[in-house]
Amino acid sequence: MLSVTLAPPQRHGVLTVYPLTDTGAPEFSRVSELPYMLMKDAIEEGMLTVTEVGAGSVPEVVAVNSGDLDVLILDGEQLIGARQNRMTNRSIVVPARSEVEIPVSCMEQGRWRFTSRVFSSSPHYSPSGVRRHARAVEAGLAKARRRAAPEVLAKAQSRVWQEISHYGSTTGAFTPTGALDEIYEQKSPEVDDWVASFPQIDGQVGVLAFAGDRVLGMDVIGSQDLYAMVHERLVTGYIMDALASRTVSTNAADDGHAAAFLEQVSTAPRVDAPTVGRGTYRVLAEGVLGGELEDQSRLVHLSSFPVGAE
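Here the structure is a predicted model, which is why all the values come from computation and not from measurement. (Residues numbered from 1 in each chain as written. Predicted model: local features only at pLDDT ≥ 70, side-chain atom pairs only at ≥ 80, totals over all residues. Heavy atoms only, no water.)

With that settled, consider unusual backbone geometry. Look at Ala82: it is not a glycine, yet its phi comes out positive at around 50°. Topologically, Ala82 is positioned in the loop between strand E8 (77–81) and strand E9 (86–88). If you check the backbone angles, Gln296 has positive phi at about 50° while not being a glycine. One can find Gln296 in the loop between strand E17 (288–295) and strand E18 (298–306). Exposure remark for Gln296: the relative accessible area of 61% places this residue in the exposed category. (Helix = DSSP H or I, 4+ residues; strand = E, 2+ residues; numbered from the N terminus. Buried < 20%, exposed > 50% of the residue type's maximum accessible area, 1.4 Å probe, protein only.)

Another aspect to go through is the pattern of salt bridges. The final tally for this structure, using the stated rule, is 16 salt bridges. For Arg131, the salt bridge goes to Asp75, with nearest N and O atoms at 3.0 Å. With Arg131 in helix H2 (residues 128–143) and Asp75 in the loop between strand E7 (70–73) and E8, this residue pair connects regions lying 56 residues apart in the sequence. Residues Arg131 and Asp75 agree in their burial class; the two are buried. As a salt-bridge pair, Asp295 and Arg278 come within 2.5 Å of each other at their nearest N and O atoms. Of the two residues, Asp295 is situated in strand E17 and Arg278 in the loop between strand E15 (270–273) and strand E16 (280–284); the sequence distance between them amounts to 17 residues. (Salt bridge = Lys/Arg side-chain N within 4 Å of Asp/Glu carboxyl O.)

In short, the description is geometric, and any link to function would need to be established separately.
This is the structure in structure tokens:
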């Protein structure tokens, strides 16, 4: 069972964020922090190179780790450049000195031409409305008792494009190629204004976010140190969700709403799924959508979203 504690909520506009803190359970042991470099840092330092597969294949890209440290790629990270911008579809640990093909979704429907040889990492994290569709594909396969291999995540693509169009239209941002990263750029003054209302707190390892009293999603990282490095980026994804909310209840989420969703995530049955890289990947199979990556008996990343969210 996932062991985290709900801290007092942080609020701005329609967005409520519950920080999730480390309970001292084994999955968050500080004796040995998770020994990974994050994708963004590895790309910027030249240790990780992400390129197209050959002349280009929409649902996968190649990640080459030439360094001596394993690299953690979280689901929802945006890759900018090459033939078209992409979003990583599953959390993956790329071992040191290895090459893997990673599942992605296109985040820029109107471009299919090279603007660079390699991808760069965007400072903007994908919102839950986009990320949840890969988890929905996994959940559907688990319900049908089929294993959710990475390549099947391509089935989420049409819904991802619909969501990006929604984020552009509801926020008033225009992008000629339908690029989510450009929507973020245009909304950056508002996003930056909201970020200050959601500071990281001591012991924090995750967030549970609501728009009004509707759950947006939840992320937990199995290390306080690693979480600290992604906190602001994760929050910006949920801020974009709030800015683009279709309909929001005038009632704000309370501790009861938060505890109920956390209980659903904690008790959801897990189903093993084949994956790339190192570690064990599990699909949250009932009640919620979600994926959980574990490596060497330690939680690495859990992301979860409500079933049937619009």
